[in-house]
Amino acid sequence: NRQNKNNSILPELLEASDKPWLPHLKALAYSELKEAATQGLVPLNDIDKTHYKITKFEMSPGYGSRPHFNVTNAKNESLRLSTDNYNDACVHQIMCLIDYSGLLRHFPHYAERVFPCFDILDQFPNAERIIQVEWNSKEISPWIADLKKAVETNTDIQILHVDPEHPSKQLNTSCSWNANIDNGEYGGGWPKKQEGAYVLQNSRYLSNHALQIIQRSVLKHAYKFGPSNSIPICVLFLNRRGTRHWVHHKEASQLLTSVWQNYLKIKEVDEMLGSLEEQAFLMHNSDIIVSPHGAQLTNLAFVRPCTALIELFPQNYYIQFFQPLVVAAAGISFAGYPYNHDRARETYEGLQTYEDRSAARAGPLKTSAESIVYKFPQIILEVLQCRELWSNNE
């Protein structure tokens, strides 16, 4: 029935002017949504498949915001920083300090620490702007090296990697300001509250404007402002090799194609490779991304507004690590976790030891293709409604 129902959707319809495809696509989405609600997911007899419940992360409504931060210094003196008073401060030099941790060598944790600095530096356009990272290794991943080069080449922001025992850059005027980054997640004396430094607490969420600085510096002329209006909708199946490989991604691709036909253009990537610019370009030009939880999703920093993410989590490992990037990008985040399971309780109980954590992350993902198809009508409608909201506000 689905095949016959969609035979009338011709490719030339998608290329015509005045968006005649939009009511057709909406009608199809609502029809599929009603059909999915009526039929539900059929129980599985295949032990190699698991139905996933896919739910929306409610802090990703499809528009960005500018956070307000409370910071404290080593003397517990507080300072509220907001859009209104950043530029009122007397500042000739602004330095964002990242204390050393071995986690920094892994680029998702490097990004987690460095990205919030852009929100601070963004507010001091006339100052000398520095991100100083304590770094005691001669090795640097290509992703980090590419980011550092792009920022320093295309902005006036310096990213300095310094020996923790011998920092190379110090505040050099009486009218300067520095800040440590701290999100309170990993502990271990991170940060150290350096003398005179204010500590930015709970800094996982950054503003859309700050993220645009990062996007423009890496993507350069390929950067596009605002949401995509592309039809067919570009769907990226971004898989992983090794741990958390999604077994049934090809079946999901085939099922979605059979239902949505010309309205979707699906690209399958088995593993994220290439330069940072190439990875960023791939994400920037995708409208819906389906991917297992993993380091490749650090590149969500480069998605456009109204991009939808379906992040698939293994059982016992629901970690809200990448959702802040989707929120900052004004995207829409969905999380997939096995049906009839308590993701919060299982994650808490399953991560008591390093061995438990490793075991939870190690296996393949057996997310059923039907789980994705079942949720896709809502996701398409969310994307379209988000685009309309942006269009109406322009």
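These figures come from a predicted structure and were not determined experimentally.

Cut-offs and rules
Residues numbered from 1 in each chain as written. Predicted model: local features only at pLDDT ≥ 70, side-chain atom pairs only at ≥ 80, totals over all residues. Heavy atoms only, no water. Disulfide = S-S within 2.5 Å. Helix = DSSP H or I, 4+ residues; strand = E, 2+ residues; numbered from the N terminus. Buried < 20%, exposed > 50% of the residue type's maximum accessible area, 1.4 Å probe, protein only. Axes fitted to C-alpha atoms, helices over the stretch in contact; angles between N-to-C directions. Parallel < 35°, antiparallel > 145°, perpendicular 65-115°, else oblique. Contact = heavy atoms within 4.5 Å. Nonpolar A, V, L, I, M, F, W, Y, C, P; charged D, E, K, R; others polar. Salt bridge = Lys/Arg side-chain N within 4 Å of Asp/Glu carboxyl O. Pairing = 2+ DSSP bridges. Right-handed = clockwise from strand over helix to strand, strands pointing away. Core = buried A, V, L, I, M, F, W, Y, C linked by side-chain atoms within 4.5 Å. Phe/Tyr/Trp six-rings, centres within 6.5 Å; stacked < 30°, edge-to-face > 60°.

### Quick word on the state of the cysteines
Tallied over the full model, the rule gives 1 disulfide. A disulfide bridge connects C306 with C386, and the sulfur atoms are separated by 2.0 Å. Between C306 and C386, the disulfide has an S-S torsion of -75° and is therefore left-handed. Residue C306 is found in the loop between β11 (288–292) and β12 (308–312), and its partner C386 is found in helix α12 (residues 369–393); the two are separated by 80 residues along the sequence. Its relative accessible area of 2% is what places C306 among the buried residues.

### Description of the packing of helix α4 (residues 107–121) against helix α5 (residues 142–154)
Look at α4 against α5: their axes get within 10 Å of each other, and the N-to-C directions meet at 20°. Judged by the inter-axis angle, α4 sits roughly parallel to α5. Side by side, α4 and α5 meet where F107, Y110, A111, F115 and F118 of the first sit next to W143, I144, L147 and V151 of the second. Here the residues of the contact of α4 with α5 are counted per class, giving 9 nonpolar, no polar and no charged.

### Quick notes on the environment of H24
Along the chain, the position of H24 falls in helix α3 (residues 21–39). Sequence spacing of H24 and Y263 is 239 residues, and the spatial spacing of their C-alpha atoms is 9.8 Å.

### Examining the pattern of salt bridges
Throughout the structure, instances matching the rule amount to 12 salt bridges. One salt bridge connects R129 with D156, and the closest N-O pair in it is separated by 2.5 Å. One end of the pair, R129, is in strand β5 (residues 128–134); the other, D156, is in the loop between α5 and β6 (157–162), with 27 residues separating them in the sequence. One salt-bridge network, in which partners are shared between bridges, spans K49, E251 and E370.

### Brief notes about the pairing of strand β10 (residues 264–269)
Regular strands have side chains that alternate between both faces of the sheet. In this sheet, β10 lies alongside strand β9 (residues 233–238) in parallel orientation, the contact comprising 6 bridges. The residue of β10 that forms the bridge with L236 is K267. After leaving β9, the chain enters helix α7 (residues 249–260) and then returns to the sheet as β10, a path that is right-handed.

### What to know about unusual backbone geometry
Of note, the amide linkage connecting I231 to P232 takes the cis form, showing an omega dihedral of 5°. Within the secondary structure layout, P232 lies in the loop between α6 (208–219) and β9. With phi around 75°, N316 is a residue other than glycine that occupies positive phi space. Note on placement: N316 falls in the loop between β12 and α9 (323–328). Look at A330: it is not a glycine, yet its phi comes out positive at around 65°. As for its position among the elements, A330 is in the loop between α9 and β13 (332–338).

### Here's the deal with the nonpolar core
Among the nonpolar cores identified, the biggest contains 55 residues, and F115, F118, I131 and L300 are the most heavily contacted of them. Per-element accounting of this core gives the leading share, 9 residues, to α4. With near-sequence residues (within four places) excluded, L300 lies in contact with M283, I289, L309, F322, L325, V326 and A329. Counting residues in hydrophobic clusters, the runner-up holds 38 residues, among them W260, F334, L365 and I379.

### Some points on the packing of aromatic side chains
Inspection of every chain in the model, using the stated rule, returns 8 aromatic pairs. Seen from their ring centres, F107 and W143 are 5.1 Å apart, and the 25° between their planes marks the pair as stacked. Residue F107 is located in helix α4, and its partner W143 is located in helix α5; the two are separated by 36 residues in the primary sequence. An identical accessibility class is assigned to F107 and W143; each is buried. Taken together, the ring pairs in this structure connect F107, F115 and W143 into an aromatic cluster.

### Details of the pairing of strand β4 (residues 93–98)
With 6 of 6 residues buried, β4 is to be regarded as a mostly interior element. In the sheet, β4 pairs with β5 via 6 bridges, with the strands oriented parallel. Its bridge partner being in β5, I94 is matched across the sheet by R129.

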